[in-house]
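Architecture and fold: a report
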Amino acid sequence: MNKQEEIAALAILIHDLRKHKKCTLKELADRIGRSVGFLSQVERGLSRPTVADLTAISETFGVPTTYFYSLPKPKELPWVTRPDERRTLYYANGITDILVSPQMRASFSMLESHLEAGASSGDRHLTDSSEQGGYVLEGELTLWLGDDPEPTTLKAGDSFQFDSHTRCRYGNLTEQLTRVLWVYT
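Reference entry: report on the structure contained in this document. (Residues numbered from 1 in each chain as written. Predicted model: local features only at pLDDT ≥ 70, side-chain atom pairs only at ≥ 80, totals over all residues. Heavy atoms only, no water.)

1. Regarding the sheet that holds strand S4 (residues 132-138)
The strands making up a sheet associate through backbone hydrogen bonding, with each pair oriented either parallel or antiparallel. Pairing is antiparallel in the open sheet, where six strands are placed in the order S1-S2-S3-S9-S4-S7. Each edge of the open sheet carries a strand with a single partner, namely strand S1 (88-90) and strand S7 (159-162). Averaged over all pairs of adjacent strands, the angle between their axes in this sheet comes to 20°, without regard to strand direction. (Pairing = 2+ DSSP bridges. Helix = DSSP H or I, 4+ residues; strand = E, 2+ residues; numbered from the N terminus. Axes fitted to C-alpha atoms, helices over the stretch in contact; angles between N-to-C directions.)

2. Structural notes on the sheet that holds strand S5 (residues 140-145)
As summarised here, the arrangement of the three strands in space is S6-S5-S8, forming an open sheet in which the pairing is antiparallel. Taken across any chain shown, the strands that pair with only one partner, and hence form the sheet edges, are strand S6 (152-155) and strand S8 (168-171). On average, each strand axis in the sheet is inclined to that of its neighbour by 25°, with strand direction left out of account. Here S5 runs beside S8; their pairing, made up of four bridges, is antiparallel. By the bridge assignment for S8, Trp 144 is matched with Arg 169.

3. A word on the side chain of Ser 47
Looking at the element boundaries, Ser 47 is found in the loop between helix H3 (36-43) and helix H4 (51-61). A polar atom in the side chain of Ser 47 sits 2.9 Å from the side chain of Gln 41. In contact with Ser 47, other than residues within four places in its own chain, are Phe 38, Gln 41 and Val 42. (Polar contact = N/O pair within 3.5 Å; in protein donor to acceptor, adjacent residues only side chain to side chain. Contact = heavy atoms within 4.5 Å.)

4. With respect to the packing of aromatic side chains
Tallied over the full model, the rule gives five aromatic pairs. Centroid distance Tyr 170 to Trp 182: 5.1 Å. Interplanar angle 50°. Geometry classified as tilted. In this pair, Tyr 170 sits in strand S8 while Trp 182 sits in strand S9 (residues 178-184), placing the two residues 12 residues apart along the sequence. Each member of the pair, Tyr 170 as well as Trp 182, carries the same accessibility label: buried. Arg 34 extends its terminal NZ or CZ atom over the ring of Phe 38, reaching a point 3.8 Å from the ring centre. Above the plane of the ring of Trp 144 lies Arg 169, whose end atom (NZ or CZ) is 4.1 Å from the centre. (Phe/Tyr/Trp six-rings, centres within 6.5 Å; stacked < 30°, edge-to-face > 60°. Buried < 20%, exposed > 50% of the residue type's maximum accessible area, 1.4 Å probe, protein only. Lys NZ or Arg CZ within 6 Å of the ring centre and 35° of its normal.)

5. Things to note about the environment of Gly 94
Looking at the secondary structure, you find Gly 94 in the loop between S1 and strand S2 (95-99). The sequence separation of Gly 94 and Asn 172 amounts to 78 residues, and the corresponding C-alpha distance is 9.5 Å. Filtering out sequence-adjacent residues up to four positions away, Gly 94 remains in contact with His 114, Leu 115, Glu 116 and Ala 119.

6. Brief notes about the pattern of salt bridges
Evaluation of the coordinates by the stated rule reveals nine salt bridges. Its salt-bridge partner being Lys 26, residue Asp 30 comes within 3.1 Å of it at the nearest N-O pair. Taken together, the residues span about one helical turn, with Asp 30 and Lys 26 both in helix H2 (residues 25-32) at a distance of four residues. The residues Asp 30 and Lys 26 share a single accessibility class, namely exposed. Note that Arg 34 and Asp 53 form a salt bridge whose closest N and O atoms lie 3.1 Å from each other. Of this pair, Arg 34 sits in the loop between H2 and H3 while Asp 53 sits in helix H4, and the two are 19 residues apart along the sequence. For Asp 53, a relative accessible area of 1% translates into the label buried. Linked by salt bridges that have partners in common, Arg 34, Asp 53 and Arg 124 make up one network. (Salt bridge = Lys/Arg side-chain N within 4 Å of Asp/Glu carboxyl O.)

Encoded structure:
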């Protein structure tokens, strides 16, 4: 799929999940702190959600964030994923996530995140039900964990891990691309 097809596929997944859960746009907007107009644009593929938006939607509906990568692409081997077989999510605020795991039903999933210069997960802290860790492949990743107002900056070669439900947000405060391999349980 190309970028526009990936954005359209995400829009359909969000819309269909909301309808399946019998939730109105207004109810979802109220739960995640966004406007009805914005959510309507997301569901029509006209706007992209932030990482925080998608995490809030997944938590609201009781699905893991990896749910949004669930559209399969044909694979040569079921235990291998090649670059042209991967699902990609294009978020607002300059973040792109690529599902590099061959399957979603395993005990962990791997994502490669690309953060453009100045990109961030948003101003709100995220809370994910998965334990997560990561390895900075390129650039610098700044993490804010819990209530600590001071962020930690990780450079290429640094790794991190934190428990499920840990409040965090992250960003690339540099002028260069940052690439991170994330692992979620």
